[in-house]
Amino acid sequence: MMFLLILTGCAKSEEKPLKVYSFSGENEQIAVSNGVIVLHDTEEIFYGGDLEAVGEEFSDITCYSTKFYIMSGSEKTTISSNMIENLTGGTVQVPGSLGKLSGDGIITSTKIKDADDLKNNLYFELTTMNQDGEKRVYQLQMSVTEVM
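(A) A look at the side chain of Asn130. You can see Asn130 is positioned in strand S8 (residues 122-130). Of the polar contacts made by the side chain of Asn130, one reaches the backbone nitrogen of Glu134; its length is 2.9 Å. Beyond its immediate stretch of four places on either side in the chain, Asn130 contacts Asp60, Ile61 and Thr62.

Set out below in structure tokens:
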């Protein structure tokens, strides 16, 4: 009996299945497309996709920040954030690509309790500041689809 318990403890643990999600979202001013999340035992990948900004309000931006987060109740848990600022007095272009993160447990170990938390709770936020110092915040709830 003791021998069976030892062998059971040495058995390889079952791997979690690979999960792949795509996400996107849009409103009248901004659109995020081609976002991808890959969750696996050994590595997780978060690719923010592409951002498109439409309108005159994006022509004189001196500083912007982007953030992806999970909303749970009133609590925001940040997955990824970036900031760009032009300190020379010129303007910056709102980006096309929103970047990529990868590593072991970058999302599930600290950001979410369950992969299903992504489906209805993933948000994107773009904050801009123009040459007049006017700050604007744009938020989108992402539509998340499980691919596999």
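(B) Molecular detail of the pattern of salt bridges. Summed over all chains, the structure comprises three salt bridges. Ionic pairing is found between Lys76 and Glu125, a salt bridge with its closest N-O pair at 3.3 Å. One end of the pair, Lys76, is in strand S6 (residues 75-85); the other, Glu125, is in strand S8, and 49 residues separate them in sequence. Judged by its relative accessible area of 11%, Glu125 falls in the buried class.

Parameters at a glance
Residues numbered from 1 in each chain as written. Predicted model: local features only at pLDDT ≥ 70, side-chain atom pairs only at ≥ 80, totals over all residues. Heavy atoms only, no water. Helix = DSSP H or I, 4+ residues; strand = E, 2+ residues; numbered from the N terminus. Polar contact = N/O pair within 3.5 Å; in protein donor to acceptor, adjacent residues only side chain to side chain. Contact = heavy atoms within 4.5 Å. Salt bridge = Lys/Arg side-chain N within 4 Å of Asp/Glu carboxyl O. Buried < 20%, exposed > 50% of the residue type's maximum accessible area, 1.4 Å probe, protein only.

Keep in mind these numbers describe shape, not what the thing actually does.
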